[in-house]
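As a plain string of letters, each chain reads:
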Amino acid sequence: FEPMAAATAGKRRIPEQPSLKLYYFNIKGKGEAIRLFAAYAGLELEDVRFSSRDEFQKLKEDGTLPFGQVPLLEVGGKDKIPQSNAILRYLSKVAGMTPEDPVLAAKVDAALDAETDAMVGPLVVSYTTRFGIDLSDQQKTDACKAINEEVMPRHLNNLEKLLASSPT
């Protein structure tokens, strides 16, 4: 993150942008795409990384997190935007990077949604109890094998085709 921030420093700064505060764990995960996009677009982003799971749990319990999860983007000190793709779409609009052409904008949305589709399987296998699913160790191993050998390559191939068809 630091090299990209340094490489984009002073470029494409957005005049009069609202204050932006990202809440996430001190890992890459779903927060990293948001951090990277903000750096690329020249948006100033306060990156609040939880120092402990307890810090996250406190925000979850006190209602700070609308969906009880992160990432969360706080805008202007008052508005809260949950969900990584909603945050990315918002930042794209703030940075003036959302295509005006509705078809091109839909293709950008399709790329974001393709990532979401691709990650469903790995998320379910990794967080079985969160989804109310009980998998044995062998079922998890089998699922990971299928995801790695069949599912993920299919999703990435589809995404490559979409990106290859882009005029930019």
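Rules used throughout
Residues numbered from 1 in each chain as written. Predicted model: local features only at pLDDT ≥ 70, side-chain atom pairs only at ≥ 80, totals over all residues. Heavy atoms only, no water. Helix = DSSP H or I, 4+ residues; strand = E, 2+ residues; numbered from the N terminus. Buried < 20%, exposed > 50% of the residue type's maximum accessible area, 1.4 Å probe, protein only. Core = buried A, V, L, I, M, F, W, Y, C linked by side-chain atoms within 4.5 Å. Axes fitted to C-alpha atoms, helices over the stretch in contact; angles between N-to-C directions. Parallel < 35°, antiparallel > 145°, perpendicular 65-115°, else oblique. Left-handed = near helix turned anticlockwise from the far one by under 90°. Contact = heavy atoms within 4.5 Å.

1. Overview of the overall build of the protein chain
Argument step 1. Across its full length, the protein chain holds six helices and four strands.
Argument step 2. Order of helices (α) and strands (β) in the protein chain, N terminus to C terminus: α-β-α-β-α-β-β-α-α-α.
Argument step 3. C-alpha atoms of the protein chain, sized along the principal axes, occupy 55 × 45 × 30 Å.
Argument step 4. Buried residues in the protein chain amount to 31% of all 168 residues.

2. What about the nonpolar core?
Argument step 1. Among the nonpolar cores identified, the biggest contains 15 residues, and Leu-20, Ile-34, Leu-43, Leu-73, Ile-87 and Leu-91 are the most heavily contacted of them.
Argument step 2. Of all elements in the fold, only strand 1 (20-25), helix 2 (29-41), strand 3 (72-75) and helix 4 (84-94) reach the threshold of two or more residues within this core.
Argument step 3. With four residues, the top contributor of residues to this core is helix 2.
Argument step 4. Membership of the second largest hydrophobic core comes to ten residues, among which are Tyr-24, Leu-59, Leu-65 and Val-70.

3. Some remarks on the packing of helix 4 against helix 5 (residues 102-126)
Argument step 1. Their axes nearest at 11 Å, the elements helix 4 and helix 5 cross at an angle of 160 degrees. In this view, helix 4 runs roughly antiparallel relative to helix 5, as classed from their interaxial angle. The element helix 4 and its partner helix 5 pack so that their crossing is right-handed. Together, Asn-85, Leu-88 and Arg-89 of helix 4 and Asp-109, Leu-112, Asp-113, Glu-115 and Thr-116 of helix 5 make up the contact between the two elements.

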